[in-house]
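# Remarks on the overall topology
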Number of protein chains: 2
Amino acid sequence: MKREHMEQINTATKAVQVKKNINHFYFVACGGSMALMMPARYILDCECEIPATVYTANEFVHRIPKALGTDSVVITCSMRGKTPETVEATRLAKEKGALTISLSHNIGSPLWETTEYPIHYDWLDEPDMTNHNHTILHCLIFKILNAIQPNEKYERACRCIDKMDGIFKANIEKYSSKAIEFGANYKREKVIYTMASGGNYGPAYSFAICLLMEMQWINSNAIHSGEYFHGPFEITDADVPFIIIKGIDKSRYLDERAYSFCKKYTNKIVLIDAADFDMKDIDEDLKGYFASIVTGVVLRGYADALADHRGHPLTVRRYMWRMEY
Amino acid sequence: MKREHMEQINTATKAVQVKKNINHFYFVACGGSMALMMPARYILDCECEIPATVYTANEFVHRIPKALGTDSVVITCSMRGKTPETVEATRLAKEKGALTISLSHNIGSPLWETTEYPIHYDWLDEPDMTNHNHTILHCLIFKILNAIQPNEKYERACRCIDKMDGIFKANIEKYSSKAIEFGANYKREKVIYTMASGGNYGPAYSFAICLLMEMQWINSNAIHSGEYFHGPFEITDADVPFIIIKGIDKSRYLDERAYSFCKKYTNKIVLIDAADFDMKDIDEDLKGYFASIVTGVVLRGYADALADHRGHPLTVRRYMWRMEY
């Protein structure tokens, strides 16, 4: 990770460390950036006695949770730093006395100028993926955990960060032929469901709403593996496609159960099992937390292949950035 | 409301009142019962300085939020009281020292026997809808609010409860011809999206996963109105159907914005505007909170009409209750 990023993370972490009586972490963003925060919230939820929740930014802005105040830490994110709802959420949080930390690819953007503790991340033009949003956010979370409840586990987690670039690339390579197979076999589908739980629900949500609905105009819905049996499973039929993520975190059983049922009744199932990920040199007790960001990177390859086979580039939009809305 | 229900609510409320240092409310259930809890969580989020979150039961059981403990209140719900995940979530919460309150239609069920404070509700065989799950839960929430932070507003809210049966019935009647029109016009659709925000996201989610996917085998996804512009709106096209709820709570602007955009690009839009609900005798500052449960009741009429026009009764299942899963 670049020194610039690490210094910003350390500055934000120190601010959290000296804050007294934190009673809630709010993760606030929109769309893909909100999805990015779900694995981070999952880690806090498992490790920390301070509850954490995720809000889409405009709901946060209009609802104004009554609990929001001087005892809150609010973490926001926007790639271009111009998402008005996220900027407003950050402004509101600061006004209410919360500590605000924001991630953005765009230094000097409205979000950058609004927040107290901005953290920069690189994107696709930077080859070292350790500097991308997912890994930067994971690093921030483990640093915060180590600051408020020091544990050698979190120190090890921070050391794992530097191995992630190699791991992302090994898994992109590992899944490249499967991604192409997916693109070829699913290019005519009108609807594709995703399903996951735990830390992997975020990437499943992102794939459904950003990659499939937004960038491919394919109907989708990210079903929580635990919810599947309480309604959604009745949609399952031989010709209904599902992408199922089996995580290696605490809720793996939910994914296994959903997969076992689903594969009996559909012929169109794509399984991504995080147990098969190359997670070399990542400590056993931390693999689940890092696998969820590998899932997102692997799924991106599936989207690229689908776009290629459909002749519909991921960059095409019919509304976004083309008009006022 | 029947005296039996009110006594159970009062007993549970007193237990919350004497509990010290509550730092979190967890709402835990599955599918339609989880959706039911979203408007309740919304009320707490707006009114109470103690944060609240909703979990699907098996995620809660396997994740075991680290914050769960003696300072937690855990509210669970299961119609038949036999949902294994919800029973286990209640047992786990109790084991961790949390105060447990559970709603069920089934007295003596496993959930009933597991929880500390059971509350019974009636269902479709009871004509007075004040005794149904949604209104019972709303009553519990306002009683709890009044117990922990007394306010005449919550006393007024509790008095509104008794007016809800009339309001539900007036709105079922008011929307009956629109529901039939919906059934006739949308009976051949392969996908129908729902969209809402604030307290209405729960009924929109329930309609998508229970009524459409489970009971009609129609593809669906409940899109949050605030998320719509950050991905999902690209799916919008002339022949893509949306049911949009405009709430009258704090996030109405989100619904209005999504509706205004959506109606320009699709010819298949069904609007349910809570501002048109007959909310006679409900205090102005409370209408938004009660409208979200009216939304669910009105939507039920739409599902009945759709089922009728499709010759596919809402009671039919291909997997649920028919096999092991």
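Rules used in this analysis
Residues numbered from 1 in each chain as written. Chains lettered and ligands numbered in written order. Predicted model: local features only at pLDDT ≥ 70, side-chain atom pairs only at ≥ 80, totals over all residues. Heavy atoms only, no water. Helix = DSSP H or I, 4+ residues; strand = E, 2+ residues; numbered from the N terminus. Buried < 20%, exposed > 50% of the residue type's maximum accessible area, 1.4 Å probe, protein only. Contact = heavy atoms within 4.5 Å. Areas by Shrake-Rupley, 256 points an atom, 1.4 Å probe, with all protein chains shown as cover. Lys, Arg positive; Asp, Glu negative; His and termini not counted. Charge placed at Lys NZ, Arg CZ, Asp CG, Glu CD. Least-squares fit on C-alpha atoms with pLDDT ≥ 70 in both. Disulfide = S-S within 2.5 Å. Pairing = 2+ DSSP bridges. Axes fitted to C-alpha atoms, helices over the stretch in contact; angles between N-to-C directions. Buried area = accessible area lost by both parts, 1.4 Å probe. Salt bridge = Lys/Arg side-chain N within 4 Å of Asp/Glu carboxyl O. Polar contact = N/O pair within 3.5 Å; in protein donor to acceptor, adjacent residues only side chain to side chain. Nonpolar A, V, L, I, M, F, W, Y, C, P; charged D, E, K, R; others polar. Phe/Tyr/Trp six-rings, centres within 6.5 Å; stacked < 30°, edge-to-face > 60°. Lys NZ or Arg CZ within 6 Å of the ring centre and 35° of its normal. UniProt positions renumbered as here; feature names shortened; annotations may be inferred. Domains from an automatic or database assignment.

In the annotation of an unreviewed UniProt entry, chain A is listed under the name Fructosamine deglycase FrlB and assigned to Vallitalea longa.

## Here's the deal with the overall build of chain A
Per the secondary structure count, chain A includes 12 helices and nine strands. Along the first, second and third principal axes, the C-alpha atoms of chain A reach 55 × 50 × 40 Å. Here chain A holds 325 residues, and the buried ones make up 66% of them. In chain A, the proportion of contacts linking residues at least 24 apart, taken out of those at least 6 apart, comes to 75%. Looking at chain A as shown, the accessible area adds up to about 11600 Å², and 48% of this sits on carbon and sulfur atoms. Charge separation in chain A, taken as the distance between the mean sites of 38 positive and 41 negative side-chain charges, equals 2 Å.

## Side note on the side chain of B:Glu47
With respect to the secondary-structure elements, B:Glu47 resides in helix α2 (residues 31–47). Ignoring sequence-local partners within four residues, the contact set of B:Glu47 consists of A:Lys66, B:Leu145, B:Gln149, B:Lys153, B:Tyr154 and B:Tyr289.

## Considering the relation of the copies chain A and chain B
Superposing chain A onto chain B takes a rotation of 180 degrees combined with a translation of 0.0 Å along the rotation axis, leaving an RMSD of 0.0 Å. Look at the turn and shift together and you get a two-fold axis relating the two. Considering only C-alpha atoms, the part of chain A nearest the rotation axis is A:Asn221, at 2.6 Å. Of the residues that chain A buries at the interface, 100% are likewise interface residues in chain B, meaning the two copies contact each other through the same surface.

## Here we look at the state of the cysteines
Residues and elements named next belong to chain A. Tallied over the full model, the rule gives zero disulfides over all chains. You can see Cys48 has no disulfide; the closest cysteine sulfur is in Cys46, sitting 11 Å from it. Residue class for Cys48 comes out buried when judged on its relative accessible area of 1%.

## Here we look at the sheet that holds strand β1 (residues 24–29) of chain A
Residues and elements named next belong to chain A. Taken in spatial order, the five strands make up an open sheet running β2-β1-β3-β4-β5, and their pairing is parallel. Pairing within the sheet leaves two strands with one partner each, and these edge strands are β2 (52–56) and β5 (117–120). Between one strand axis and the next, the sheet turns by 20 degrees as a mean value, whatever way the strands run. Judged from the five bridges that link them, β1 and strand β3 (residues 72–78) form a sheet pairing that is parallel. Bridge pairing in β3 links Phe27 to Ile75. The strands touched by helix α2 (residues 31–47) within the sheet are β1, β2 and β3, with β1 carrying the most contacts at an inclination of about 160 degrees. Packed on one face of the sheet, helix α4 (residues 84–95) meets β1, β3 and β4 (99–104) and runs near 160 degrees to β3.

## A word on the sheet that holds strand β7 (residues 222–224) of chain B
Residue and element names in this part refer to chain B. Across the sheet, which stays open at both edges, the four strands sit in the order β7-β6-β8-β9 with parallel pairing between neighbours. Lying at the two open borders of the sheet, with one neighbouring strand each, are β7 and β9 (269–273). Recorded for the sheet is a direction-independent mean angle of 20 degrees between the axes of neighbouring strands. Alignment of strand β8 (residues 242–246) against β9, held across five bridges, turns out to be parallel. Across the sheet, residue Ile244 finds its bridge partner in β9, namely Leu271. Along the sheet, helix α12 (residues 287–310) contacts β8 and β9; its crossing angle with β9, the most-contacted strand, is approximately 145 degrees.

## Section: the interface of chain A and chain B
Contacts between the two partners involve 68 residues from chain A, matched on the other side by 68 residues from chain B. Ranking the residues of chain A by area buried against chain B places A:Arg63, A:Glu234 and A:Tyr319 at the top, with a combined share of 13%. Inspection of the region where chain A meets chain B yields six salt bridges. Note that A:Arg63 is salt-bridged to B:Asp45, the shortest N-O span being 2.7 Å. Remark: the boundary between chain A and chain B carries 47 residue pairs in polar contact (both at pLDDT 80 or more). Elements represented by at least two residues in the side of chain A that touches chain B include exactly β1, α2, β2, α3 (57–63), α10 (201–216), β7 (222–224) and α11 (252–265) of chain A. When residues in the side of chain A that touches chain B are grouped by element, the largest group, eight residues, is from α2(A). For the side of chain A that touches chain B, the residue count by class is 33 nonpolar, 19 polar and 16 charged.

## Re the packing of aromatic side chains
Counting across every chain of the model gives 50 aromatic pairs over all chains. Pairing A:Tyr26 with A:Tyr55 gives two aromatic rings, centres 5.8 Å apart and planes at 45 degrees, and the pair type is tilted. One end of the pair, A:Tyr26, is in strand β1; the other, A:Tyr55, is in strand β2, with 29 residues separating them in the sequence. Judged on exposure class, the residue A:Tyr26 and its partner A:Tyr55 are both buried. In textbook terms, an aromatic cluster arises when at least three aromatic residues are bridged by ring pairs, as seen for A:Tyr193, A:Tyr228, A:Phe229, A:Phe233, A:Phe242, A:Phe261, A:Tyr265, B:Tyr319 and B:Tyr325. If you follow A:Arg80 out to its NZ or CZ, it ends over the ring of A:Trp321, 4.6 Å from the centre.

## Quick word on the UniProt feature "domain: SIS" (unreviewed entry) in chain A
According to UniProt, the positions carrying the feature "domain: SIS" (unreviewed entry) are residues 15–150 of chain A. Segment residues 15–150 of chain A splits into 45% helix and 21% strand. End C-alpha atoms: 15 Å apart.

## Section: the domain arrangement of chain A
Residue and element names in this part refer to chain A. By domain assignment, chain A separates into domain 1 (3–161) and domain 2 (166–310). In this structure, domain 1 and domain 2 have C-alpha centres spaced 25 Å apart. Across the contact, 23 residues belong to domain 1 and 25 residues belong to domain 2. Between domain 1 and domain 2 lies a buried interface of about 1900 Å² when both sides are counted; carbon and sulfur atoms form 73% of it. Ranking the residues of domain 1 by area buried against domain 2 places Tyr42, Met129 and Cys160 at the top, with a combined share of 29%.

## What to know about the pattern of salt bridges
Following the criterion strictly, the structure yields 40 salt bridges over all chains and no others. It is possible to trace a salt-bridge network through shared partners that takes in A:Arg41, A:Asp45, B:Glu59 and B:Arg63.

## Structural notes on the side chain of A:Thr13
All names here are of chain A. Structurally, Thr13 can be placed in helix α1 (residues 3–18). Here Ile9 takes part through its backbone oxygen, which lies 2.7 Å from a polar atom of the side chain of Thr13. Those residues within four positions of Thr13 in sequence are excluded, and the remaining contacts are Leu140, Lys143, Ile144 and Ala147.

## What to know about the UniProt feature "transmembrane region" (unreviewed entry) in chain A
The feature "transmembrane region" (unreviewed entry), as annotated in UniProt, sits at residues 24–44 of chain A in this numbering. Helix makes up 67% of residues 24–44 of chain A and strand 29%, whereas the separation of the span's terminal C-alpha atoms amounts to 11 Å.

## Description of helix α7 (residues 152–161) of chain A
Note: α-helices contain 3.6 residues per turn, so residues at a spacing of three or four share the same orientation. The buried fraction of α7(A) is high, at seven of 10 residues. Regarding α7(A), its N-cap is A:Asn151, as a side-chain oxygen of that residue lies 2.8 Å from the backbone nitrogen of A:Lys153 further along.

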